[in-house]
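Chains, contacts and geometry: an overview
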Amino acid sequence: MKRVTIVEVGARDGLQNEQKALSTGTRLEFARRLAECGVRQLELGAFVSPQWVPQMADSGPLIAEALALQAAGRFPRDVEISALVPNPRGMEDAIRTGVSSVAVFGSASESFSRRNINCSVDESFERFAVVMRMAKANKMKVRGYLSMCFGCPFEGEVPETRVVKLAKRMAALGVYEISIGDTIGVADPKQVKNLVAKLIKAVGARKLAMHFHDTRGTALANVLASLELGVRTFDSSLGGLGGCPYAPAATGNVATEDVVYMLHRMGFRTGLDIEKLISLNHWMTAEIGHELPSRLGRAGTPKAKAPAKR
Ligand code: HMG
Ligand code: MG
């Protein structure tokens, strides 16, 4: 299959870790511009505590406004807007906005679960089960994240068997997709291939998405490793914005424009427009007040003409 789905997480994973909290209006404008670039899977916010993650405060009004614009035909209707939901309380807030797609987020490491969502892994799954029931009653789709699948800053190595077991547990909850997170960007392509092969056996390639942070420069190689095994959905952030506020030294996700550039050169289709993504990178650089780490943002696409075919 030559089609790859990009889940744009810059408006959530990206902005949640930026020192400068953008206004609701600027976040909405970012969403509008992402949609113009061709983004169709758009994670726009998080129904989490504003005490814990102030950058995601007002995700409710933001998402309600984006949905209202969609209903009025002033925002593309085929963009699927989604948001993180940690617990039933967050899900109540999500339902009030009318959003039809949410994501629960668990961890393969016990210590990170406690630091990130203030409960054990088992407790988090009990909460997710309630969220799933609420989703069913409201005809909503639920995605599932698993963090720290390749290593944890508090526990070190994370056994593959634990990740596979939790991915199966996530699938059993009824999520439509499981996003496997390298939250702190430690994974290498060999490790990725080993784990992804086991995950494919456990839940199937079509249920998997990969979520790489580029902390140590291996994210693009890890995308390629997963792609070679048949994964066709990847999370990325415009410009490589981002990180996780509860994972020390975590930096941004792999940059959307860098992934899209590689995929298009390899003959895959994503539906995204690379030149528009680069322009949006420059817009966001001005809004956020610092340069973004993506390579394409700096270098642009090659301007030299391709050599004539012989
Ligand atoms: P808590 O303090 O344990 O919650 O927070 P609680 O149930 O004890 O309640 C305490 C107060 O918080 C109460 O208010 C609740 O109503 C309120 P009070 O009665 O004191 O006025 N509360 C909430 N308010 C808003 N939204 C809610 C909510 N729940 C309770 N959903 C909680 C638990 C999960 C809310 C908290 O720990 C939290 O917000 N954590 C933030 C987690 C987060 O956003 N982390 C970053 C995203 S995860 C990530 O980046 C990884 C990922 O990208 C994948 C990867 O890279 O691996 C997805
Ligand atoms: Mg992340």
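Look a little higher up for the structure.
Predicted model only: the values in this text are computed from it and were never measured. (Residues numbered from 1 in each chain as written. Chains lettered and ligands numbered in written order. Predicted model: local features only at pLDDT ≥ 70, side-chain atom pairs only at ≥ 80, totals over all residues. Heavy atoms only, no water.)

**So, the coordination of the magnesium ion (ligand 2)**
When a metal carries six donors in an octahedron, the ideal angles between them are 90 or 180 degrees, while four donors in a tetrahedron ideally lie at 109.5 degrees. Inclusion rule: A donor here means any N, O or S atom no more than 2.8 Å from the metal (3.2 Å for Na, K and Ca); water is not included, so a site may seem to lack partners. Numbered from the N terminus, helices here are DSSP runs of H or I no shorter than four residues, and strands are runs of E no shorter than two.
Protein ligation of the magnesium ion (ligand 2) involves D13 (OD), H211 (NE2) and H213 (NE2), the donor distances falling in the range 2.1 to 2.3 Å. Considered as a linear motif, the donors of the magnesium ion (ligand 2) on their single chain read D-x197-H-x1-H. Taken together, the residues D13 in helix 1 (residues 10–14) and H213 in the loop between strand 7 (208–212) and helix 9 (219–228) connect sequence positions 200 residues apart.

**Section: helix 6 (residues 121–137)**
Note the threshold: To estimate the expected span of a helix, count its residues, drop one, and scale the result by 1.5 Å. The buried label applies to any residue whose accessible area, calculated with a 1.4 Å probe on protein chains only, is under 20% of its type's maximum; exposed applies above 50%, and partly exposed to all values in between. Whether two residues are in contact is decided by their heavy atoms: any pair within 4.5 Å suffices.
Over its 17 residues, helix 6 runs 25 Å from end to end, which matches the ideal 24 Å to within 8%, given 1.5 Å per residue. Buried within helix 6 we find V121, S124, F125, F128, V131, M132, M134 and A135. Looking at the buried positions of helix 6, the neighbouring elements they touch are helix 4 (88–97), strand 4 (101–107), helix 5 (110–117), strand 5 (141–147) and helix 7 (160–173). Two residues or fewer past helix 6, K139 is found with a positive phi of approximately 55°.

**Some thoughts on the pairing of strand 2 (residues 41–46)**
For clarity, the cut-off: A pair of strands is labelled paired if DSSP reports no fewer than 2 bridges between them.
Among the six residues of strand 2, five are classified as buried, and the element is accordingly described as predominantly covered. In the sheet, strand 1 (residues 5–8) pairs with strand 2 via two bridges, with the strands oriented parallel. The residue of strand 2 that forms the bridge with E8 is L42. Relative to strand 3 (residues 80–84), strand 2 is paired through five bridges, and the arrangement is parallel. Considered in strand 3, the bridge of G45 is made with A83.

**A short note on the site of ligand 1**
Heads up, the condition is: Near is defined per residue: the residue qualifies when any heavy atom it owns lies within 4 Å of the molecule or strand. Any pair of N or O atoms that falls within 3.5 Å is considered a polar contact. Within protein, one atom must be able to donate a hydrogen and the other to accept it, and sequence-neighbouring residues count only if both atoms are side-chain atoms. Methods summary: accessible areas were calculated by the Shrake-Rupley approach with a probe of 1.4 Å, and residue burial reflects only the protein chains presented. Here the nonpolar group is Ala, Val, Leu, Ile, Met, Phe, Trp, Tyr, Cys and Pro; Asp, Glu, Lys and Arg are the charged ones; every other residue, Gly included, is treated as polar.
Residues in contact with ligand 1 amount to 24 residues; listed here are only the nearest, Q16, N116, N118, S147 and T183. The separation between an oxygen atom of ligand 1 and a polar side-chain atom of H213 is 3.1 Å. In isolation ligand 1 exposes 1100 Å². Once the protein is present, 73% of that is buried. At the level of secondary structure, the elements contributing two or more residues to the shell around ligand 1 comprise helix 1, helix 4, helix 5 and strand 5. Broken down by class, the residue content of the shell around ligand 1 amounts to ten nonpolar, eleven polar and three charged.

**Section: the packing of aromatic side chains**
Condition: Aromatic pairs are defined between Phe, Tyr and Trp rings, using the six-membered ring for Trp, whenever the two ring centres lie within 6.5 Å; interplanar angles under 30 degrees are classed as stacked, those over 60 as edge-to-face, and all others as tilted.
All told, the structure shown has three aromatic pairs when counted by the stated rule. Pairing F30 with W283 gives two aromatic rings, centres 6.3 Å apart and planes at 25°, and the pair type is stacked. Of this pair, F30 sits in helix 2 (residues 24–36) while W283 sits in helix 11 (residues 274–288), and the two are 253 residues apart along the sequence. Accessibility expressed as a relative area gives 15% for W283, which makes it buried. Judged by centre distance (6.1 Å) and plane angle (40°), the rings of F150 and F212 are tilted. With F150 in the loop between strand 5 and helix 7 and F212 in strand 7, this residue pair connects regions lying 62 residues apart in the sequence. F212 matches F150 in its accessibility class, with the two residues each being buried.

**Thoughts on the packing of helix 9 against helix 10 (residues 256–265)**
Heads up, the rule is: A fitted line through C-alpha atoms represents every axis, and for helices the fit uses only the stretch in contact; the resulting angles, taken between N-to-C directions, go from 0 to 180 degrees. Put simply, angles under 35 degrees are roughly parallel, angles over 145 are roughly antiparallel, angles from 65 to 115 are roughly perpendicular, and the rest are oblique. Each helix crossing is assigned a hand: it is left-handed if the near helix lies turned anticlockwise from the far helix by less than a right angle, otherwise right-handed if that turn is clockwise.
Running from N to C, helix 9 and helix 10 point in directions that differ by 45°, and their axes come no closer than 11 Å. Looking at the two axes, helix 9 sits oblique to helix 10. The hand of the helix 9/helix 10 crossing is right-handed. When helix 9 is examined against helix 10, the residues L220, V223, L224 and L227 are found in contact with a partner set consisting of D258, V259, M262 and L263. Class assignment of the residues belonging to the contact of helix 9 with helix 10 gives a composition of seven nonpolar, no polar and one charged.

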